[in-house]
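# Working through the structure, step by step
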Amino acid sequence: MTRQSVAGQEVLVLTSAPGQAGQSNPVPTSSSSAHSSIPQPPRLQDSDVRDDAAMQRIFVCLQKMCEENSDVMVGMTQLQFGQYLGEPCYAAAATHLPRPSNLPPSLPHNWKQGDFDVLLIHRQYGLVVCEVKAFGDNIQSVNMSQQDIDENIRKKLTEAVSQLDKAEAMLSHLVSDIAPGLPVTKVIAFPNLTARQLQQAISGDNLLIQDLCRCLGAGDPADIPEKREARCDASCHRLDNEIFCGPATTVTVPCTSPPRVSVKTLGQAVWWTGQCYTAVITLFPEQLHLLNMAPPRLFVAGPPGTGKTVVLLMMGIKWLRCGHPVCIVSTCNESRAACIMLYHLLLQTVKTQQSAGVSPGQPHLLQYELYRDGEAEKVVNDLSQAARGGSLYVIADEVTLGFHTVYDKLLTQVPHLHLWAASYYHGDAPAGWRVEYLTRPLRSPPAVVREVEQNEWITKHNVLPYSERGVPDHTDGPPVRRLCHGGQGHSGDNSVDCVTCGRDVASFLHSLRVGVTENVTTTATTATSTTGTTTQPCLQWRDVLVVYWTDMTDDSGMVNGLKEAGIPVRVMNDNDIDDVATARSNVVWVTHGFHVSGLERKVVVCLEDHDTDRFHGMSRCTSQLVIVYDDDKTKDK
């Protein structure tokens, strides 16, 4: 990422490597968008990205194995030896326990330092420690010879054996007081290589083969590159995994700017995921390119969460800073919330400018229903009167069918028309407009995007599919949570009418500790890192949205179930849309899916009805998606 300035706003720009998939435009270099005085985030090394990608493949495979086998395990990645029981407040109690610092003197002193690439705690396999090597993903692009490939594989294997021996000794020491002699299964993972490549590399190196057989417990050298299961019965040992990943062990999440964050609960992970995707204005280079070019008329189309509304917002800010009044036009009921949100965001910009002694233009919110007869003429008349000196500046989000007729008539009366509009649907652009398609996911984690892209609006209708992001995601995001309407205790034709479903949703929200303030440890990323206790920002009730498609009232089963559980919940009506758009009240809003297009929430609960309807609700999610489905309907996966 690079930091750049657009319309006086500092933004982050996600940049791909040259030629990488998804980057349709070069990074702009104009002086209006890049300033050397803006501090830049530290550049990540390509090797770090490759290591992360290899680690992700390992965890995706583990997750799939667990799901297919209904298996349960505790998994940790990149856990430094020194982080074990490392919280200062537990230091006194930890002195009585085996720790890395009191490793037996018979072992090398430098074995006190190190980490576990992957550490698993399993009921049958005991402790499983895995060393992950990313080598092999770029051997073709760098034209590496076969001799160099084999030499590098042997080098990585030798390193892995040494690291696994160290990890085994450390693990045996750490659990010696509660489970002496607990087996440790050692694994070397090369997610980018085949078994044949490994076999070829080690053939003829008898010393390395002996070391691998000893380390991995392979009786036959031919078994080394194969899947091995060293099964043991760990159930008889009292192996309390809380000592590894509980409150006494410090775990930090690497990031490009301080502080490094300790995430220990699902609620914290949900909050931080939403922050990663929405807290700072983030753009792809092609979006920055559009803002720098600033064509007078532009139609932006693409699937949800690709930054269309963000682009309109930034263009509106540019016009305001130039002193132009900006009209925010809502063309239908479905676009009201998005346009109200844009209006308030632009109003905040104006207030900031005025406090700095600048006199910007003013935003004006205009709301219409183009479905009504004669409404198009009213829009044209109102906007024509708002023009000054033949110039007019308009942004319109979530435009509806028929908007092109407004444009055609308006252009004949306003020669210097500046109008930027956006829609999910790529077929709605007026003839003769410049059209840009934004299809790279920007505002939601992959877990949500995978759910949205399977919807019928993308697979069968006129919403473009997502393209490859082209740059790494912040995180895969929390897995989609599914709750079933059906079975004992459930009532009503669907979840809207079911009190039990309301209680189930409330139980999950309480498990996220919404509204509960927690103290956590943060570590600053400085040369002399210091640890301190801070208040963890927690999910608020305003971060949660419940979306439905059938009739809903204050007395519906879902609402009553939420209220019984102490959830501050309100059903939105027409008078509440301003409150919902700005998230002013700290409550859980329950609303129809068509009324929240363009809005975003960290947690979205989608009450399933039809696949096509659900599209508008679940695409509003920036972190944790919850789907309540009927068990007598086909569940979209």
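The rules behind the values
Numbers given to residues run from 1 along each chain, matching the order in which its sequence is written. Totals for whole chains, interfaces and linings use every residue, but because this is a predicted model, local features are given only for residues with pLDDT of at least 70 and side-chain atom pairs only at 80 or more, for both listing and counting. Water and hydrogen atoms play no part in the side-chain values, which are based on all heavy atoms of the structure. In this description, strands pair whenever DSSP reports at least two bridges between them. Put simply, DSSP H or I for four residues or longer makes a helix, DSSP E for two residues or longer makes a strand, and each gets a number counted from the N terminus. Working convention: axes come from line fits to C-alpha atoms, limited for helices to the stretch in contact. Angles between N-to-C directions cover 0 to 180 degrees. Contacts: residue pairs with any heavy atoms within 4.5 Å of one another. Remark: nonpolar core denotes a set of buried residues (Ala, Val, Leu, Ile, Met, Phe, Trp, Tyr, Cys) joined through side-chain atoms within 4.5 Å. Accessibility here uses a 1.4 Å probe with only protein chains present; expressed as a share of the type maximum, an area under 20% marks a residue as buried, one over 50% as exposed, and anything in between as partly exposed. A patch consists of residues whose relative accessible area exceeds 30% and which take part in no salt bridge; residues with like charges are grouped when within 9 Å of each other, and nonpolar side chains (Val, Leu, Ile, Met, Phe, Trp, Tyr) when within 5 Å. In this description, accessible areas are obtained by the Shrake-Rupley approach with a 1.4 Å probe, and a residue is regarded as covered only by the protein chains that are shown. One speaks of a salt bridge when a side-chain nitrogen belonging to Lys or Arg is within 4 Å of a carboxyl oxygen belonging to Asp or Glu. Under the convention used here, Asp and Glu are negative, Lys and Arg are positive, and both His and the chain ends fall outside the count. By convention, the point assigned to a charge is CZ for Arg, NZ for Lys, CD for Glu and CG for Asp. One less than the number of residues in a helix, times 1.5 Å, gives the span that helix is expected to have. Helix crossings fall into two classes, left-handed where the near helix is turned counterclockwise from the far one by less than a right angle and right-handed where it is turned clockwise. Under the grouping applied here, Gly and all other residues not named as nonpolar or charged are polar, the nonpolar ones being Ala, Val, Leu, Ile, Met, Phe, Trp, Tyr, Cys and Pro and the charged ones Asp, Glu, Lys and Arg. pLDDT expresses, on a scale from 0 to 100, how confident the predictor is about each individual residue. Aromatic pairing here means that ring centres of Phe, Tyr or Trp (its six-membered ring) are within 6.5 Å. Orientation follows from the plane angle: under 30 degrees is stacked, over 60 is edge-to-face, and everything else is tilted. Our definition puts a charge over a ring when NZ of Lys or CZ of Arg is within 6 Å of the ring centre and also within 35 degrees of the ring normal.

Pairing is parallel in the open sheet, where six strands are placed in the order E15-E22-E21-E18-E20-E19. Each edge of the open sheet carries a strand with a single partner, namely strand E15 (481–485) and strand E19 (569–571). Recorded for the sheet is a direction-independent mean angle of 20 degrees between the axes of neighbouring strands. Bridge count for strand E18 (residues 544–548) against strand E21 (residues 601–607) is four bridges, and the pairing is parallel. Following the sheet pairing, Val 544 is matched in E21 by Val 603. Contacting E21 and strand E22 (621–630), helix H7 (residues 266–278) crosses the sheet at an angle of about 120 degrees to E22. Sheet strands in contact with helix H15 (residues 499–511) are E15, E18, E21 and E22, and its direction is about 160 degrees off that of E15.

Glancing now at the nonpolar core. In terms of nonpolar packing, the biggest core is built from 47 residues, with Phe 116, Leu 157, Ile 188, Leu 212 and Phe 244 touching the most fellow members. Breaking this core down by element, the ones donating at least two residues are strand E3 (73–80), strand E4 (115–122), strand E5 (126–132), helix H3 (146–174), strand E6 (184–189), helix H4 (195–202) and helix H5 (206–216). By residue number, the principal contributor to this core is H3, which donates 11 residues. With residues near it in sequence (within four places) discarded, Leu 212 still touches Leu 157, Val 161, Ile 188, Ile 202, Gly 217 and Ile 224. Grouped together as the second largest cluster of nonpolar side chains are 31 residues, Val 496, Val 505, Val 588 and Val 626 included.

On to the sheet that holds E3. The strands making up a sheet are joined through hydrogen bonds of the backbone, oriented either antiparallel or parallel. Taken in spatial order, the four strands of this open sheet run E3-E4-E5-E6, and their pairing is mixed. At either margin of the open sheet sits one strand with a lone partner, and together these are E3 and E6. Direction aside, the axes of adjacent strands within the sheet are offset by 20 degrees on average. Where E5 and E6 come together, six bridges link them in parallel fashion. Within E6, the residue paired with Leu 127 across the bridge is Val 184.

The next thing to look at is a negative patch on the surface. Taken together, the side chains of Asp 46, Asp 48, Asp 51 and Asp 52 define an acidic patch exposed on the protein surface. Residue Asp 51 is classed as partly exposed on the basis of its relative accessible area of 38%.

The end-to-end C-alpha distance of H7, which contains 13 residues, comes to 18 Å, matching closely the 18 Å that a straight helix rising 1.5 Å per residue would cover. Taken residue by residue, H7 has Gly 267, Gln 268, Val 270, Trp 271, Thr 273, Gly 274 and Tyr 277 as its buried positions.

Looking now at the packing of H3 against H5. Contact pair H3 / H5: the axes reach a minimum separation of 10 Å and the direction vectors enclose 35 degrees. Crossing handedness for the pair H3 and H5: left-handed. Residue-level contacts link Arg 154, Leu 157, Thr 158, Val 161, Leu 164 and Asp 165 of H3 to Leu 208, Asp 211, Leu 212, Arg 214, Cys 215 and Leu 216 of H5. Class assignment of the residues belonging to the contact of H3 with H5 gives a composition of seven nonpolar, one polar and four charged.

Moving on: the packing of helix H9 (residues 308–321) against helix H10 (residues 336–355). One way to put it is that H9 packs onto H10 with a least axis distance of 10 Å and a crossing angle of 35 degrees. Classified by chirality, the crossing of H10 by H9 is right-handed. Facing H9, whose interface residues are Thr 309, Leu 313, Gly 316, Ile 317, Leu 320 and Arg 321, H10 presents Met 341, Leu 342, Leu 345, Leu 346, Thr 349, Val 350 and Gln 353. In the contact of H9 with H10, the residues fall into eight nonpolar, four polar and one charged.

Attention shifts here to the confidence of the model for the chain. Residues of the chain with pLDDT of at least 70 account for 87%, and the chain-wide mean is 85. The low-confidence segment residues 19–35, where pLDDT is below 50, has 33 contacts with residues more than four positions distant or belonging to other chains. Note on residues 227–240: pLDDT is under 50 here. Beyond four places in sequence and across chains, it has 32 contacts.

Moving on, we come to the pairing of E21. Of all seven residues making up E21, seven are buried, and the element is well covered by its neighbours. Here E21 runs beside E22; their pairing, made up of six bridges, is parallel. Across the sheet, the residue bridging to Leu 607 is Val 628, located in E22.

Glancing now at the environment of Met 1. Secondary-structure assignment places Met 1 in the segment before strand E1 (2–6). Classification of Met 1 by relative accessible area gives partly exposed; the value is 35%. With 11 residues separating them along the chain, Met 1 and Leu 12 place their C-alpha atoms 6.1 Å apart.

Moving on, we get to the pattern of salt bridges. The full count for this structure, using the stated rule, is 21 salt bridges. Put simply, Lys 64 and Glu 68 hold a salt bridge, and the shortest N to O gap is 3.5 Å. With a gap of four residues between them, Lys 64 and Glu 68 both fall in helix H1 (residues 46–69), about one helical turn apart. Accessibility expressed as a relative area gives 56% for Glu 68, which makes it exposed. With a closest N to O distance of 2.8 Å, Arg 443 and Glu 600 form a salt bridge. Of this pair, Arg 443 sits in the loop between strand E14 (434–437) and helix H13 (446–452) while Glu 600 sits in the loop between strand E20 (588–592) and E21, and the two are 157 residues apart along the sequence. Note on Glu 600: relative accessible area 26%, which makes it partly exposed. What you see here is one network of salt bridges that share partners, running through Asp 165, Glu 168, Lys 186 and Arg 214.

It is worth spelling out the packing of aromatic side chains at this point. Following the criterion strictly, the structure yields seven aromatic pairs and no others. Between Tyr 407 and Trp 433, the ring centres sit 4.8 Å apart and the planes meet at 75 degrees, which makes this aromatic pair edge-to-face. Residue Tyr 407 is found in helix H12 (residues 403–413), and its partner Trp 433 is found in the loop between strand E13 (416–423) and E14; the two are separated by 26 residues along the sequence. Residue Tyr 407 is classed as buried on the basis of its relative accessible area of 7%. Put simply, the rings of Phe 299, Tyr 407 and Trp 433 pair up and form one aromatic cluster. Its guanidinium or amino end placed over the ring of Phe 284, Arg 440 lies 4.0 Å from that ring's centre, counting from NZ or CZ.

This part takes up the environment of Pro 247. For Pro 247, the location among the structural elements is in the loop between helix H6 (242–245) and strand E7 (260–261). Classification of Pro 247 as partly exposed rests on a relative accessible area of 45%. The spatial distance from the C-alpha of Pro 247 to the C-alpha of Glu 87 is 7.7 Å, given a sequence separation of 160 residues.

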